[in-house]
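Below, each chain spelled out in residue letters.
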Amino acid sequence: MTETWQQALDALKTRLDPVQFETWLSPIRLAEGPEGTLTLEVPDEFFARWVRDNYLDMIKDAIWDTARCHLGIHFRVRQAQAASDHPTEKGPTSEPPPREPADGLGERLVPWFTFENFVVGPSNEVAHSACEMVAENPARTYNPLFIYGGVGLGKTHLIQSVGHAVLHRFPGMRILYMSGETYVNEVMTAYKNDRLDVLRHRYRGQCDVLLVDDIQYLSGRDFPQDEFFHTFNELYNAQKQIVMTGDQFPSAIPKFSDRLRSRFGWGLIVDVAPPEPELRMDILRRKAAREGIDVPEEVIAYLANRFPSSVRDLEGALNRVTAHALIRKVPLTLDLAARVTERIVTDRRGRLTSDLVLRTVADYFQLHVSDLKSARRHRGVSLPRQIAAYLLRKHTGASLQAIGQVLGGRSHTTVLAALTRIEKVMALEPTAERAIKDIERQIGV
Ligand code: ADP
Ligand code: MG
């Protein structure tokens, strides 16, 4: 194990920039653990979370590249520190292992999407208590329960909390959780492989609580809607609980059959609204406490004020600010928060601005934004420029012409050529693909 880890580290060292490596890989120690797994000791929970979110894939790749094996990777928080710094939190290793969905259908629940970790305020209290009641008494109160609301307001967190709470309270109950997207894929795959009867048996005959997140994915998909209609009826008639989330009130979701829409309203429809200022501050305080980070109250207030419309953005901003403080080893001040979040600008539709994309790409390659806009054709500039074009296309939804404008007045055919080129480069050069992923991670998409 020691050798495997050392080789992987050597590989990672060549792939990561030195600051990243020193900050996130060097502090990791190999520890004793179960056979066939790599147990890595880290300083604290925040660290574990960060490494898991940002470097786990790279670590796995490095192990595969150097040792040609797949190892389970566990993080363990170094003992002394865990005890003194985080008295209220269980370490990540003590989280219950995520439940494997039986027979490969459905999805796993995210371990921390529980009622305990959900902060309640006026904007979500109705949805929250409806979910709690459903979880206490499945199929005996509101059936179906339909939760709707905008992006990043806690719908997925709530519907998964129902799953956790049911499993906790009624260990024998069979729950099935999936996003609408997964549902559509499963139905279509089963159809192609002539296995619809297996799928139906699982959904209709072996499920006590069905949780479907983002049902709007079924919009315009007649066949999956049809399947869902029959599943819904059978479960409903057998007094099984159904919970769904959607991005709009059922009747407003386009391209849905009326018979389904009306059924969605048979039980209870509740909404989650954008969080109030006080709730935003509470969420930030709780998150900081959970991760054992001291965040000054003025920083909390600043972030809460700066990101009013989505809890996801709010959490993302706090992550970035705390990461900057950690990486640069500077105190977490209002000034730092303002500087770090200055760059996070999304337009009204929640899309990234081209400015942010350009600045992040330029920073990553240690260039100036003006280099990207310049006429220089050296590869050290043209590759970053192509990457910028690719990211602008992917994340801002800008037209080829608009991208050409942003990149120093280039024509749309030039942009198209750049996009074609970068797709090829990505397929051939893992480093280019990695750079793109790193930049996306920095932008927070
Ligand atoms: P949605 O499904 O509505 O788009 P999510 O449930 O994915 O939103 O929430 C986005 C993020 O915000 C998640 O990390 C979630 O844990 C967090 N979050 C949302 N609402 C709350 C809340 N009331 N308390 C704590 N965390 C929340
Ligand atoms: Mg969601």
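Scroll up to find the structure.
Calculation rules
- Residues numbered from 1 in each chain as written.
- Chains lettered and ligands numbered in written order.
- Predicted model: local features only at pLDDT ≥ 70, side-chain atom pairs only at ≥ 80, totals over all residues.
- Heavy atoms only, no water.
- Axes fitted to C-alpha atoms, helices over the stretch in contact; angles between N-to-C directions.
- Helix = DSSP H or I, 4+ residues; strand = E, 2+ residues; numbered from the N terminus.
- Parallel < 35°, antiparallel > 145°, perpendicular 65-115°, else oblique.
- Left-handed = near helix turned anticlockwise from the far one by under 90°.
- Contact = heavy atoms within 4.5 Å.
- Nonpolar A, V, L, I, M, F, W, Y, C, P; charged D, E, K, R; others polar.
- Near = heavy atom within 4 Å.
- Polar contact = N/O pair within 3.5 Å; in protein donor to acceptor, adjacent residues only side chain to side chain.
- Areas by Shrake-Rupley, 256 points an atom, 1.4 Å probe, with all protein chains shown as cover.
- Pairing = 2+ DSSP bridges.
- Phe/Tyr/Trp six-rings, centres within 6.5 Å; stacked < 30°, edge-to-face > 60°.
- Buried < 20%, exposed > 50% of the residue type's maximum accessible area, 1.4 Å probe, protein only.
- Lys NZ or Arg CZ within 6 Å of the ring centre and 35° of its normal.

## Notes on the packing of helix α16 (residues 354-364) against helix α21 (residues 430-443)
Here is step 1: For the pair α16 and α21, the least separation of the axes is 10 Å and the interaxial angle reads 125°. Relative to α21, the element α16 is oriented oblique. By crossing handedness, the relation of α16 to α21 is classed as right-handed. Residues Leu356, Val357, Thr360, Val361 and Tyr364 of α16 form the contact with α21, whose participating residues are Ala435, Asp438, Ile439, Gln442 and Ile443.
Here is step 2: The residue inventory of the contact of α16 with α21, partitioned by class, reads seven nonpolar, two polar and one charged.

## Section: the site of ligand 1
Here is step 1: With respect to spatial proximity, 17 residues lie near ligand 1, and among them Val119, Gly152, Thr156, His157 and Glu315 are the closest.
Here is step 2: Between ligand 1 and Lys155, the relevant distance is 2.8 Å, taken from an oxygen atom to a side-chain nitrogen or oxygen of the residue.
Here is step 3: Contact distances for ligand 1 include 2.7 Å between an oxygen atom and a side-chain N or O atom of Thr156.
Here is step 4: For ligand 1, whose free accessible area comes to 550 Å², the fraction covered by protein is 91%.
Here is step 5: Looking at the shell around ligand 1 residue by residue, the class counts come to seven nonpolar, seven polar and three charged.

## Some remarks on the sheet that holds strand β7 (residues 241-246)
Here is step 1: Strand order in the open sheet formed by five strands is β5-β6-β7-β4-β8, with parallel pairing between adjacent strands. A strand with exactly one partner marks an edge of an open sheet, and here the two such strands are β5 (175-179) and β8 (268-272). Direction aside, neighbouring strands of the sheet carry axes that sit 15° apart on average.
Here is step 2: Direction of pairing for strand β4 (residues 145-149) relative to β7: parallel, over a ladder of four bridges. Paired with Ile147 across the two strands is Thr245, which belongs to β7.
Here is step 3: Against the sheet, helix α7 (residues 155-169) engages β4, β5, β6 (209-213), β7 and β8, with an angle of about 165° to β6.

## Considerations on the packing of aromatic side chains
We describe a pair of aromatic rings using the distance from one ring centre to the other and the angle between the two ring planes.
Here is step 1: Considering all chains together, one arrives at 13 aromatic pairs under this definition.
Here is step 2: Judged by centre distance (4.9 Å) and plane angle (55°), the ring pair of Tyr191 and Phe223 falls under tilted. Taken together, the residues Tyr191 in helix α8 (residues 180-192) and Phe223 in helix α10 (residues 222-237) connect sequence positions 32 residues apart.
Here is step 3: Phe223 sits in the partly exposed class, given a relative accessible area of 29%.
Here is step 4: Every member of this aromatic cluster is reached through a ring pair, and the members are Phe146, Tyr183, Tyr203, Phe228, Phe232, Tyr236, Phe256, Phe264 and Trp266.
Here is step 5: Note that Arg259 overlies the ring of Phe229, its terminal NZ or CZ placed 3.6 Å from the centroid.

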